[in-house]
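Summary of structural features
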Amino acid sequence: MGSADELSMLMKPESPRQQEIKEEYGSNVKLLPSNDQVKELQTILRDRNTTRSDFKFYADRLIRLVIEESLNQLPFTKTTVTTPTNELYQGLKYQRGNCGVSIVRSGEAMEQGLRDCCRSIRIGKILVESDADTHEARVVYARFPEDIAQRKVLLMYPIMSTGNTVIKAVAVLKEHNVLEENIILSNLFCTPVACRSVTAAFPQMKILTSELHFIAPNHFGQKYFGTD
């Protein structure tokens, strides 16, 4: 059996929901594969009666799932290793040159999940604030690895209500010569309005989210960090 046949056997068919998302938002928008566990985590995080301790615990679980799936969007290369029994194993490894960037503050909740999966990965930060009068987003602070233009960037931001903050953050990454197609947005909850805005502004960027829903749990950051 050829390698193409093997690959086709391993690839899972897209769910009807993923097909709908592709038709409406484009092929670069990916939904975390849904199951009862994912739905339960989403339900707990949306429940106003969830305690802060439980909220953080279950948020970290959902973050880990989203980060793991986001990492699947990164490029791999073939590699051969020798097993303890001196057999050769044909496997895969990440291509060099990946990094994370969190949008402060809520995006920082996803940093540990990324470090748990990629122990030595470098992480930059962007702080975007909205003007109290005009509500226009502006960048207050940005710190990246010096060679970020040569890296694949996992941009972390858990809640997208309008997409304005993400659009501003991606614009800053592009100002630092990061290619749009090298950015993967790792997100927990996204509204349809935000998804349309971001994909219209940056159609080559990948978006991985656990849920597209018109109601966003905007209390996430305050609840997670205990500032509510």
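Residues numbered from 1 in each chain as written. Predicted model: local features only at pLDDT ≥ 70, side-chain atom pairs only at ≥ 80, totals over all residues. Heavy atoms only, no water.

**Comments concerning the nonpolar core**
Short version of the rule: The set of buried Ala, Val, Leu, Ile, Met, Phe, Trp, Tyr and Cys residues whose side-chain atoms join them within 4.5 Å is what this entry labels a nonpolar core. Using a 1.4 Å probe on the protein chains alone, a residue whose accessible area is under 20% of its type maximum counts as buried, one over 50% counts as exposed, and one in between counts as partly exposed. The numbering of helices and of strands both runs from the N terminus, where a helix is a DSSP run of H or I of at least 4 residues and a strand a run of E of at least 2. It only takes one pair of heavy atoms within 4.5 Å for two residues to be counted as in contact.
Of all hydrophobic cores here, the largest spans 32 residues; its most connected members are Leu155, Val166, Leu173 and Met205. A per-element tally of this core places helix α6 (residues 164-175) first, with 5 residues. In contact with methionine 205, other than residues within four places in its own chain, are Asn28, Val166, Val170, Glu180, Ile183, Leu185 and Val198. Counting 28 residues, the second-largest nonpolar core is a separate cluster that includes Val38, Phe55, Leu71 and Cys118.

**So, the packing of aromatic side chains**
Cut-off, in case you're wondering: Two aromatic rings, drawn from Phe, Tyr or Trp (for Trp, its six-membered ring), form a pair once their centres lie within 6.5 Å of each other, and the interplanar angle then sorts them: stacked below 30 degrees, edge-to-face above 60, tilted otherwise. Either the NZ atom of lysine or the CZ atom of arginine qualifies as a charge over a ring when it sits within 6 Å of the ring centre and within 35 degrees of the ring normal.
By the definition in use, this model includes 5 aromatic pairs. A ring pair is formed by phenylalanine 57 and tyrosine 58, whose centres lie 5.0 Å apart and whose planes are at 85 degrees; its orientation type is edge-to-face. Taken together, the ring pairs in this structure connect Phe55, Phe220, Tyr224 and Phe225 into an aromatic cluster. The side chain of arginine 105 reaches across the aromatic face of phenylalanine 225, ending 4.0 Å from its centre.

**Details of the pattern of salt bridges**
As a reminder, the rule being used: One speaks of a salt bridge when a side-chain nitrogen belonging to Lys or Arg is within 4 Å of a carboxyl oxygen belonging to Asp or Glu.
One pass over the structure, following the stated rule, counts 12 salt bridges. Of the charged contacts in the structure, one is a salt bridge between arginine 196 and glutamate 24, with a shortest N-O distance of 2.7 Å. Linking arginine 196 in helix α7 (residues 192-201) with glutamate 24 in helix α2 (residues 16-25), this pair joins segments that are 172 residues apart in sequence. Taking relative accessible area as the criterion, arginine 196 reaches 41% and is therefore assigned partly exposed. Judged by its relative accessible area of 46%, glutamate 24 is partly exposed. The partner of arginine 46 in a salt bridge is glutamate 211, and the shortest N-O contact between them spans 2.9 Å. Placement of the pair is arginine 46 in helix α3 (residues 36-46) and glutamate 211 in strand β10 (residues 206-212), with a sequence separation of 165 residues. Beyond isolated ion pairs, a larger network of salt bridges with shared partners links Glu108, Glu111, Arg115 and Lys125.

**Overview of the confidence of the model for the protein**
Low-confidence regions, as indicated by low pLDDT, have predicted coordinates that should not be scrutinised in detail. Worth spelling out the cut-off: pLDDT: the predictor's confidence for each residue, scored from 0 to 100.
On average, residues of the protein carry a pLDDT of 92, and 93% of them reach 70 or more. Every residue in residues 1-10 scores below 50 in pLDDT, and together they form 2 contacts with partners more than four places removed in sequence or on other chains.

**Section: the pairing of strand β7 (residues 152-156)**
The following threshold applies: In this description, strands pair whenever DSSP reports at least two bridges between them.
Buried residues dominate β7, accounting for 4 of its 5 residues. Bridge count for strand β4 (residues 98-104) against β7 is 5 bridges, and the pairing is parallel. Paired with cysteine 99 across the two strands is valine 153, which belongs to β7. One ladder, built from 4 bridges, connects β7 with strand β9 (residues 183-190); its direction is parallel.

**Quick notes on a nonpolar patch on the surface**
Rules: Patch membership is restricted to residues that have no salt bridge and whose relative accessible area is over 30%. Joining uses 9 Å for like charges and 5 Å for the nonpolar side chains Val, Leu, Ile, Met, Phe, Trp and Tyr. The accessible surface values rely on the Shrake-Rupley method and a 1.4 Å probe; as for residues, cover is taken only from the protein chains in view.
Nonpolar side chains collect at one region of the surface, where Phe76, Leu92 and Tyr94 lie side by side and expose about 290 Å² of accessible area between them. With respect to the helices and strands, the residue tyrosine 94 is situated in strand β3 (residues 88-94). Judged by its relative accessible area of 33%, tyrosine 94 falls in the partly exposed class.

**Concerning α3**
The following threshold applies: This arc corresponds to the set of directions leading from the helix axis out to the C-beta atoms. The term polar contact refers here to a pair of N or O atoms within 3.5 Å; inside protein, the definition further demands a hydrogen-donor-capable atom paired with an acceptor-capable atom, and it admits residues adjacent in sequence only when both atoms are side-chain atoms.
Every buried residue belonging to α3 is among Val38, Leu41, Gln42, Ile44 and Leu45, and all of these are buried. Looking down the long axis of α3, one finds its buried residues gathered within 160 degrees of arc, a one-sided arrangement. Among the structural elements, α4 (52-71), β9 and β10 are those in contact with the buried residues of α3. For α3, the capping residue at the N-terminal end is asparagine 35, with a side-chain oxygen 3.1 Å from the backbone nitrogen of glutamine 37.

**Notes on the environment of aspartate 54**
Residue position: aspartate 54 is located in helix α4. Taking C-alpha positions, aspartate 54 is 8.4 Å from isoleucine 44, a pair spaced 10 residues apart along the chain.

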